[in-house]
Amino acid sequence: MTGDCKLFICIALFHIIVSYSVNRMPYRTLAFLRLRIVPYKKEKEIYEKVFRIKAWKDYVPSAGPFDKKVMKGNGAEYLSLFILETVRAEAVHMICLIVTFLVLLVYDQPYGWLIPAFFTMINVPCIMIQRYNRPRLENVLLLHGYDLVVPEDEEGFTRRLLMLRKR
């Protein structure tokens, strides 16, 4: 097995481990993280004008219980979960990006930068989409006069979320 193949497998495994770990985070932890990874006020404008995010964001595949193309509700519970899931997605992609570059620090091959460049191209657009959508969802929450709902009963909340998804 070549060194580049080992690097690719190593980074891919780290992505899987990070995804699995962050997907196990309780909503109260995501609510805490939400207060620490706040998008800057000018980000929306940069995403729209410089990166033209509206033209491509819907083509990026999404995973998880929420479809970014169609909102299936506008209640406090639904919007809160959607917001918290954008935090989860951003955390996964951000940690994966950091791990990619940490692996690159210990990897010493001539073309070792190509594989991290590939993983960067995968993660950065996803981070941008989450940071673009979250403030918009939070504005909808505020417009309806709701506060963010952080579930205490993780299992019941997840069950209701799955029921929303089936609609």
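These numbers come from a predicted model, not from an experiment.

Visitor: I would appreciate a short explanation of the overall build of the protein chain in the present structure.
Guide: Of the regular secondary structure elements, the protein chain holds seven helices and zero strands. Written out in order from the N terminus, the α and β elements of the protein chain read α-α-α-α-α-α-α. Taking all 167 residues of the protein chain together, 37% fall into the buried category. At a minimum sequence separation of 6, the contacts of the protein chain that also span at least 24 residues come to 82%. Carbon together with sulfur atoms contributes 64% to the accessible area of the protein chain, which is approximately 10500 Å² in total.

Visitor: Quick question: what am I supposed to make of the layout of surface pockets here?
Guide: Unoccupied space between atoms shows up once a probe the size of one water molecule is rolled over them. Taken as a whole, the second largest pocket spans an internal volume of roughly 320 Å³. Every residue lining the second largest pocket is counted, 14 residues in all, and those nearest its centre are Pro39, Tyr40, Lys41, Pro135 and Glu138. Counting residues per element, the lining of the second largest pocket draws most heavily on helix α6 (residues 114-143), which supplies seven residues. For the lining of the second largest pocket, the residue count by class is five nonpolar, one polar and eight charged.

Visitor: I would appreciate a short explanation of the packing of helix α5 (residues 76-106) against α6 in the present structure.
Guide: For any two helices packed against each other, one specifies the inter-axial angle together with the distance between the axes. The interhelical angle for the contact between α5 and α6, taken along N-to-C directions, is 155°, at an axis separation of 9 Å. Considering the angle they form, α5 stands roughly antiparallel to α6. For α5 against α6, the interelement crossing comes out left-handed. Taken together, the residues of the contact of α5 with α6 break down into 19 nonpolar, seven polar and four charged.

Visitor: So what exactly am I meant to see when it comes to unusual backbone geometry here?
Guide: In terms of backbone geometry, most residues other than glycine have negative phi values and most peptide bonds are trans. Despite not being glycine, Arg52 shows a phi value in the positive range, around 50°. With respect to the helices and strands, the residue Arg52 is situated in the loop between α3 (43-49) and α4 (53-56). Look at Arg52 and you get exposed, because its relative accessible area is 58%.

Visitor: Just checking my understanding: could you explain a nonpolar patch on the surface for this structure?
Guide: On the surface, Phe8, Ile9, Leu13, Phe14, Ile16, Ile17, Phe118, Met121 and Ile122 cluster together into a nonpolar patch covering about 840 Å² of accessible area. Every element with two or more residues in the nonpolar patch is listed here: α1 (3-23) and α6. The element best represented in the nonpolar patch is α1, accounting for six residues. Residue placement: Ile122 occurs in helix α6.

Analysis parameters
Residues numbered from 1 in each chain as written. Predicted model: local features only at pLDDT ≥ 70, side-chain atom pairs only at ≥ 80, totals over all residues. Heavy atoms only, no water. Helix = DSSP H or I, 4+ residues; strand = E, 2+ residues; numbered from the N terminus. Buried < 20%, exposed > 50% of the residue type's maximum accessible area, 1.4 Å probe, protein only. Contact = heavy atoms within 4.5 Å. Areas by Shrake-Rupley, 256 points an atom, 1.4 Å probe, with all protein chains shown as cover. 1 Å grid on protein atoms, 1.4 Å probe; cavity = no way out; pocket = protein on both sides within 12 Å on 5 of 7 lines; lining within 4 Å. Points joined across faces, edges and corners; volume = space filled by probe spheres on them. Nonpolar A, V, L, I, M, F, W, Y, C, P; charged D, E, K, R; others polar. Axes fitted to C-alpha atoms, helices over the stretch in contact; angles between N-to-C directions. Parallel < 35°, antiparallel > 145°, perpendicular 65-115°, else oblique. Left-handed = near helix turned anticlockwise from the far one by under 90°. Patch = residues over 30% accessible without salt bridge, like charges linked within 9 Å, V, L, I, M, F, W, Y side chains within 5 Å. Salt bridge = Lys/Arg side-chain N within 4 Å of Asp/Glu carboxyl O.

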